[in-house]
Each structure stands twice: as structure tokens, then as C-alpha cells.
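# Structure assessment
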Amino acid sequence: MERELGKKLSLYLIYRLLHEMGFALRVPRPRHAKADGEAQEAFKKTSPPRSRRRGPRGGR
């Protein structure tokens, strides 16, 4: 920013400006080191489908 605009901006201000412009920090969820991807996929295929009914609190 300093090189392009001739002004030195704090990192906080840069993130705030980006947020105001509609940008958001997107970070993938961390994976556990011992997670077994094949076992997870097998579970997804064999587990019953999730219910679409909402609970007493409206699905919270």
C-alpha cells in the first residue's frame, strides 16, 4: 500500500478496508493428523440419511 498509494497503513486498517469491500478471510478447516479419509467416506455411504425435520428450537 505504501508503494502504490504513498501512505503507510496498518495491517488492521487494510483488513478492515477489505472487509468493507466485501472480502472475507477464508481458511479451510484443519484436518486431524490421525484422521482416516477412507473410513470417513465409508461412513458417509453407509450411514442413514439425515432428517430434514427441524427440532423444537427451529433448527438451531
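Residues numbered from 1 in each chain as written. Predicted model: local features only at pLDDT ≥ 70, side-chain atom pairs only at ≥ 80, totals over all residues. Heavy atoms only, no water.

## Topic: the overall build of the protein chain
For the protein chain, the count of helices and strands is three helices and zero strands. Walking the protein chain from its N terminus toward its C terminus, one meets helices and strands in the order α-α-α. Here the protein chain holds 60 residues, and 0% of them are scored as buried. Accessible area of the protein chain: about 7000 Å², with a carbon and sulfur share of 54%. (Helix = DSSP H or I, 4+ residues; strand = E, 2+ residues; numbered from the N terminus. Buried < 20%, exposed > 50% of the residue type's maximum accessible area, 1.4 Å probe, protein only. Areas by Shrake-Rupley, 256 points an atom, 1.4 Å probe, with all protein chains shown as cover.)

## Here's the deal with a nonpolar patch on the surface
A cluster of nonpolar side chains, namely Leu11, Tyr15, Leu18, Met21 and Phe23, defines an oily patch on the protein surface of about 570 Å² accessible area. Assignment of secondary structure puts Met21 in the loop between helix 2 (11–20) and helix 3 (37–46). When its relative accessible area of 60% is taken as the criterion, Met21 is described as exposed. (Patch = residues over 30% accessible without salt bridge, like charges linked within 9 Å, V, L, I, M, F, W, Y side chains within 5 Å. Salt bridge = Lys/Arg side-chain N within 4 Å of Asp/Glu carboxyl O.)

## Structural notes on helix 2
Here helix 2 lies mainly on the outside; zero of its ten residues are buried. Immediately downstream of helix 2, the backbone of Gly22 shows phi near 105 degrees, a positive value.

## What to know about the pattern of salt bridges
Between side chains of opposite charge, a pair can form when the charged atoms approach closely. In this structure the tally under the stated criterion is two salt bridges. Close ionic contact of Lys44 with Glu41 constitutes a salt bridge, the shortest N to O distance being 3.3 Å. Taken together, the residues Lys44 and Glu41, both in helix 3 and three residues apart, mark about one turn of the helix.

## Here we look at the environment of Gln40
Within the element layout of this structure, Gln40 appears in helix 3. Residue Gln40 is classed as partly exposed on the basis of its relative accessible area, which comes to 38%. With residues up to four places along the chain from it excluded, the contact list for Gln40 reads Arg31 and Ala35. (Contact = heavy atoms within 4.5 Å.)

## Things to note about the confidence of the model for the protein chain
Per-residue confidence for the protein chain gives a mean pLDDT of 84, with 88% of residues at or over 70. Highest mean pLDDT in the protein chain belongs to helix 2 (91); lowest belongs to helix 1 (residues 2–5) (83). (pLDDT = per-residue confidence, 0-100.)

## Focus on helix 3
In terms of residue burial, helix 3 counts as a barely covered element, since only zero of its ten residues are buried. The opening residue of helix 3, the one whose side-chain oxygen lies 3.3 Å from the backbone nitrogen of Glu38, is Asp36. (Polar contact = N/O pair within 3.5 Å; in protein donor to acceptor, adjacent residues only side chain to side chain.)

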